[in-house]
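# Structural characterization, general
Listed below, chain by chain, are the residues.
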Amino acid sequence: MNLVLLIEQLLNGLQFGVMLFLMAAGLTLIFGVMGLINLAHGSLYMIGAFAAAAVASATGSFTLALMASLAAAALAGVIVEMVVIRRLYDRDHLDQVLATFALILIFSEGTRWVFGSFPIYLDVPAALSGGVNLPFGIRYPAYRLAIIGIGLVVAFGLFLLITRTRIGMRIRAGESDREMIGALGVNIAVLYTAIFALGAALAGFAGALVGAIQSVEVGMGEPVLILAFVTIVIGGIGSIRGAFVGALLVGLTDTMGRVLLPILFRAFMEPSAATAVGAALASMSIYILMAAILLFKPTGLYGSA
Amino acid sequence: MKLKSLMLAACAATMTMGAAQAEGVKVGMITTLSGGGAGLGIDVRDGFMLAVKQSGRSDIEVVVEDDQQKPDVAVQLADRLVQSEKVDLLTGIIWSNLAMAVVPSVTAQGKFYISPNAGPSALAGKGCHPNYFNVAWQNDAFNEAAGAWASENGIEKVFLLAPNYPAGKDMIAGFKRFYKGEIADEVYTKLGQNDYAAEIAQIRSADADMLYYFLPGGMGISFMKQYAGSGADKPVMGPAFSFDQGILGAIGEAALGVKNTSHWSKDLDVPGNAEFVESFIEEFDRLPSLYAAQGFDTGLLLVSAMEKADISDADAFRTALEAADFQSVRGDFEFAPNHHPIHTIYMREVVKEGDVVTNKVIGVAAEDHTDSYGVDCKM
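Residues numbered from 1 in each chain as written. Chains lettered and ligands numbered in written order. Predicted model: local features only at pLDDT ≥ 70, side-chain atom pairs only at ≥ 80, totals over all residues.

### Points about the overall build of chain A
Put simply, the test is: Secondary structure is summarised from DSSP: a helix means a run of H or I of at least four residues, a strand means a run of E of at least two, and numbering begins at the N terminus for each. The size measure is the radius of gyration over C-alpha atoms, and the globule rule it meets is 2.2 Å times the number of residues to the 0.38 power.
When helices and strands are counted, chain A shows 11 helices and two strands. Of the regular secondary structure in chain A, the N- to C-terminal order runs α-α-α-α-β-β-α-α-α-α-α-α-α. Computed over its C-alpha atoms, the radius of gyration of chain A comes to 20 Å, within 12% of the 19 Å expected for a compact globule of 305 residues. Principal axes of the C-alpha set define a box for chain A whose edges measure 65 × 50 × 35 Å.

Right under this line is the structure:
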């Protein structure tokens, strides 16, 4: 393991973390403001990826595809919020989990009905397809670098939105006291729909970005959803800053665990056993991280009690 | 929907015939029809149903269930199919970990199980059973052939990659068994992993002539797209599961030139294969994958056994299955004593035919290949 490879792996961890943040931000906003556990968040991610793939194959433009992913996921978010989610705010979490789980099944089968069961094609745009040379002789895929850049821009934009704008003020107010902002004359129904659409659009955007380098298939959202939940639990539920820090922690821990643990075990075990133990432990690493953080901070890094 | 009408026809036929003819076979098919691995299960099911339909027999009733790629769901479905549906024979499972959870209990209850895909080593060796037949392959088969091919073609150092589950380990062990060169490194990833940036960086910096990997379904798509985009230039080889028709469409040109081993290919010149490919395209409007071919062979095997014996006479039916008296779409086919196939494994290369990225046979990797676990099988 040399330094160049280590830096490259850190970049990989960062890229994974940034992508997770796009998912986790929406999830944590929705939970923080509306108190809703939305298991269907992964489906919105899938919708974004499929919309992007469909538009990319029809028009050949990746920019249009990204816009389509934002629009399609936001639209799906608005429809879902108005038709289903709105009725769940006053219910307990079990009802919400049941209803949003049903939404996963509906979205998955609906997508299968429209696009078929086989993964569909979506590729990285030609302009970003190669690698770029970074200092110290590191060569890194341009597309992954672009994901890091876009993710950081979105994170900064969200930060500005939450701390500097009126809608951000209302979101924060909604987090601390739902009844009171209603009493102050804010139209809560519209606010909730807007937040849900924002979270959905971010998830769809993440799906489209990642879809270009992964498999665009039915059910692609669920594994990411689990990681996104781990992220917001680590970061503290409801906190955007927590989601950002949590996402980077999860991304780096997972990537570095996968690389370093087998090497570590090889120091005192025979290679094939070390590989097996290292791989097994690496897939647990983020959950161990979560357990360790919750042990010391039961509400997560930035969670309020 | 042609598929739906086919299923309806099969159902209707069995319903009307059920009462009149009690001597038919009731098949329980547990396969993956939802989630990321659904493409594989759907192909097995469609291939199987096509063979049943073409046989013209109306005394085969098929109950299809979706295991969602979850072992616990598969076990529940198997219990239900055996106990309340009273099926005579089970088939359909795609994944080795599910097969390990279901097959031993099903065969212990005296039912037949014909595997159209998964071939874990445990069921070919010590855990073999008179009622367990595998039409597809033992997990190691394609890999043993690939290992032999790599040695013969001057590959000296190889990097190995597979998911961390029974089939992944079998596949890599199979490759190593007949590969004489050096191993630069071997990496096991989490099953279902979709981001391979960390592994690709390791591969690029590794000192190896070739990358050999087994990543079925969506994992292979994600990997190959990321590998091609990373600027890595090591040649790639793998068993056919990572480069099958359903996968190639989603990877696109990034897969061109990749070599893979398979017992079947749509361009294989053996009797019945061209007809199978043609009728599959006509029925389902897509190219068949090797899973579809395996499903089709499973159907043919069942029909051939039914013509010779009645399933209520288990011993006669077993002998009829052992005879494997059908024309496999992969050519010569026989069962070894452990009920796993003896067949030829071919080397294919990913090429572009017109606008379609697909596989083409370029040679034979292993003639009349049989698995190496049979010696441990006592039955």
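We are not done yet, so read on.
### A closer look at the overall build of chain B
Note the threshold: Once C-beta atoms are placed from the backbone, each residue is buried if 20 or more other C-beta atoms lie within 10 Å of its own, exposed if 12 or fewer, and partly exposed for counts between those two. Note on contacts: each residue gets a C-beta atom placed from the backbone, and two residues are in contact if those atoms are within 7 Å.
A tally of regular secondary structure across chain B gives 13 helices and 13 strands. For a compact globule of 379 residues, the expected C-alpha radius of gyration is about 21 Å, and chain B comes in at 20 Å, within 12% of that figure. For chain B, the spread of C-alpha atoms along the three principal axes comes to 65 × 45 × 40 Å. For chain B, buried positions account for 57% of its 379 residues. Sequence separation of at least 24 residues holds for 72% of the intrachain contacts in chain B that already meet a minimum separation of 6.

### Things to note about unusual backbone geometry
Residues and elements named next belong to chain B. Although it is not a glycine, Lys86 adopts a positive phi angle of roughly 55°. Of note, Lys86 is situated in the loop between helix 3 (71-83) and strand 3 (89-91). Not every positive phi belongs to a glycine, and His339 is a case in point at roughly 65°. In this fold, His339 is placed in the loop between strand 11 (334-335) and strand 12 (341-353).

### Overview of the domain arrangement of chain B
Residue and element names in this part refer to chain B. Which entries qualify depends on this criterion: Residue ranges assigned to each domain were obtained from an automatic or database domain assignment. Three categories are distinguished: nonpolar for Ala, Val, Leu, Ile, Met, Phe, Trp, Tyr, Cys and Pro, charged for Asp, Glu, Lys and Arg, and polar for the others, with Gly belonging to the last.
Each assigned domain of chain B is listed with its residue range as follows: domain 1 (2-137 + 268-335) and domain 2 (141-262 + 344-376). Using only C-alpha atoms to locate each centre, domain 1 and domain 2 end up separated by 27 Å. On the domain 2 side, the residues contacting the 20 residues of domain 1 number 20 residues. At the level of secondary structure, the elements contributing two or more residues to the side of domain 1 that touches domain 2 comprise helix 2 (38-55), helix 4 (96-108) and helix 5 (121-124). Tallied by class, the residues present in the side of domain 1 that touches domain 2 amount to eight nonpolar, nine polar and three charged.

### Points about helix 5 (residues 142-164) of chain A
Basically, it comes down to this: One less than the number of residues in a helix, times 1.5 Å, gives the span that helix is expected to have.
Taking 1.5 Å per residue, 23 residues should reach 33 Å; helix 5 of chain A reaches 32 Å between its end C-alpha atoms and fits that length. Taken together, the buried positions of helix 5 of chain A are occupied by Tyr143, Arg144, Ile147, Gly151, Ala155 and Leu158 of chain A.

### A closer look at the sheet that holds strand 3 of chain B
All names here are of chain B. Counted only if it meets this: Pairing between strands is defined by DSSP: at least two bridges between them are needed. The axes used here are C-alpha line fits, helices contributing only the stretch in contact, and every angle between their N-to-C directions lies in the interval 0 to 180 degrees.
Spatial ordering of the open sheet is given by 2-1-3-4-5, a layout of five strands whose pairing is parallel. The sheet is open, and its two edges are formed by strand 2 (60-66) and strand 5 (132-134), each paired on a single side. Strand-to-strand, the axes of this sheet are offset by a mean angle of 20°, without reference to chain direction. Taken strand by strand, helix 2 contacts strand 1 (25-31) and strand 2, and its axis lies near 160° from that of strand 1.

### Some words on the packing of helix 5 of chain A against helix 6 (residues 166-176) of chain A
All names here are of chain A. Filter applied, for reference: Orientation is classified from the angle alone, with under 35 degrees giving roughly parallel, over 145 giving roughly antiparallel, 65 to 115 giving roughly perpendicular, and any other angle giving oblique.
It is at 5 Å that the axes of helix 5 and helix 6 come closest, and there the two elements cross at 75°. Here helix 5 lies roughly perpendicular to helix 6, going by the angle between them. The segment helix 5 lies against helix 6, with Leu161, Ile162, Thr163 and Arg164 engaging Ile167, Gly168, Ile171 and Arg172. Considering only residue class, the contact of helix 5 with helix 6 consists of four nonpolar, two polar and two charged.

### Quick word on the nonpolar core
Residue and element names in this part refer to chain A. Let me state the cut-off plainly: Residues enter a nonpolar core if they are buried, belong to Ala, Val, Leu, Ile, Met, Phe, Trp, Tyr or Cys, and are joined to the set through C-beta atoms within 7 Å.
Within the largest apolar cluster, 214 residues are counted, with the highest numbers of intra-cluster contacts made by Phe21, Met23, Ala24, Ala49, Ala52 and Ala206. With 17 residues, helix 1 (residues 3-34) is the single largest residue contributor to this core. Beyond its immediate stretch of four places on either side in the chain, Ala52 contacts Ala65, Leu66, Ala68, Ser69, Leu122, Ala208 and Gly211.

### Some points on the packing of helix 1 of chain A against helix 8 (residues 188-211) of chain A
Residue and element names in this part refer to chain A. This is how the line gets drawn: The crossing is said to be left-handed when, going from far helix to near helix, the turn is anticlockwise and less than a right angle, and right-handed when the turn is clockwise.
Between helix 1 and helix 8, the least distance of the axes is 8 Å, while the angle of their chain directions is 165°. Judged by the angle between their axes, helix 1 and helix 8 are roughly antiparallel. Two packed elements cross with a definite hand, and for helix 1 against helix 8 that hand is left-handed. Residues Met19, Leu22, Met23, Ala25, Gly26, Leu27, Leu29, Ile30, Val33 and Met34 of helix 1 pack against Tyr192, Ile195, Phe196, Leu198, Gly199, Ala200, Leu202, Ala203, Phe205, Ala206, Leu209 and Val210 of helix 8. Within the contact of helix 1 with helix 8, the residues separate by chemical class into 20 nonpolar, two polar and no charged.

### Topic: helix 9 (residues 221-235) of chain A
An α-helix turns once every 3.6 residues. As a result, residues three or four positions apart point the same way. All names here are of chain A. Given a rise of 1.5 Å per residue, 15 residues ought to cover 21 Å, and the 21 Å separating the end C-alpha atoms of helix 9 matches this to within 8%. Within helix 9, 11 of the 15 residues are buried, leaving the element largely enclosed by the surrounding structure. What helix 9 keeps buried is the set Gly221, Val224, Leu225, Ala228, Phe229, Val230, Thr231, Ile232, Val233, Ile234 and Gly235. Summarising the contacts, the buried residues of helix 9 are in contact with helix 1, helix 2 (41-59), helix 8, helix 10 (240-266) and helix 11 (271-296). One or two positions beyond helix 9, positive phi appears at Gly236, with a value near 100°.

### Describing the confidence of the model for chain B
Residue and element names in this part refer to chain B. Rules: The pLDDT score gives, residue by residue, the confidence of the prediction method on a 0 to 100 scale.
When the pLDDT values of chain B are averaged, the result is 88; 94% of them are 70 or greater. The model gives residues 11-22 a pLDDT under 50, and that stretch makes seven contacts with residues more than four places away or in other chains. What the predictor reports for the complex is a pTM of 0.78 with an ipTM of 0.73.

### Digging into the pairing of strand 2 (residues 138-141) of chain A
Residues and elements named next belong to chain A. Two elements, strand 1 (residues 131-134) and strand 2, share four bridges in a ladder whose sense is antiparallel. Across the sheet, the residue bridging to Gly131 is Pro141, located in strand 2. In this structure, the hairpin formed by strand 1 and strand 2 is closed by a connection of three residues, where Phe136 is found at a positive phi of approximately 65°.

### Topic: the interface of chain A and chain B
Every contact between the two is made by 38 residues of chain A and, on the other side, 32 residues of chain B. Of all the secondary structure elements, the ones that give two or more residues to the side of chain A that touches chain B are helix 1, strand 2, helix 5, helix 10 and helix 11 of chain A. Split by residue class, the side of chain A that touches chain B holds 18 nonpolar, 14 polar and six charged.

### Here's the deal with the environment of Leu70 of chain A
All names here are of chain A. If you trace the backbone, Leu70 turns up in helix 3 (residues 62-83). Distance from Leu70 to Tyr45, taken between C-alpha atoms, is 9.9 Å for residues 25 residues apart in sequence. Other than its neighbours up to four places away in sequence, Leu70 contacts Ala201, Gly204 and Phe205.

### Observations concerning the pairing of strand 13 (residues 356-369) of chain B
One face of the sheet, then the other: side chains in a regular strand alternate in exactly this way. Residue and element names in this part refer to chain B. In terms of strand pairing, strand 12 meets strand 13 through 10 bridges, oriented antiparallel. Across the sheet, Glu349 pairs through a bridge with Lys360, a residue of strand 13. What sits between strand 12 and strand 13 in their antiparallel hairpin is a turn of two residues, with Gly354 showing a positive phi close to 65°.

### Points about the environment of Leu152 of chain A
All names here are of chain A. If you trace the backbone, Leu152 turns up in helix 5. In this structure Leu152 comes out as partly exposed when scored by C-beta crowding, with 14 C-beta atoms within 10 Å. Taking the C-alpha atoms as reference points, Leu152 and Val18, separated by 134 residues in sequence, lie 7.0 Å from one another.

### Some details on the environment of Ala305 of chain B
Residue and element names in this part refer to chain B. Position of Ala305 among the secondary structure elements: in helix 12 (residues 290-308). Along the chain, Ala305 and Phe326 lie 21 residues apart, while their C-alpha atoms are 9.0 Å from each other. Setting aside its immediate chain neighbours within four residues, Ala305 contacts Phe317, Ala320 and Leu321.

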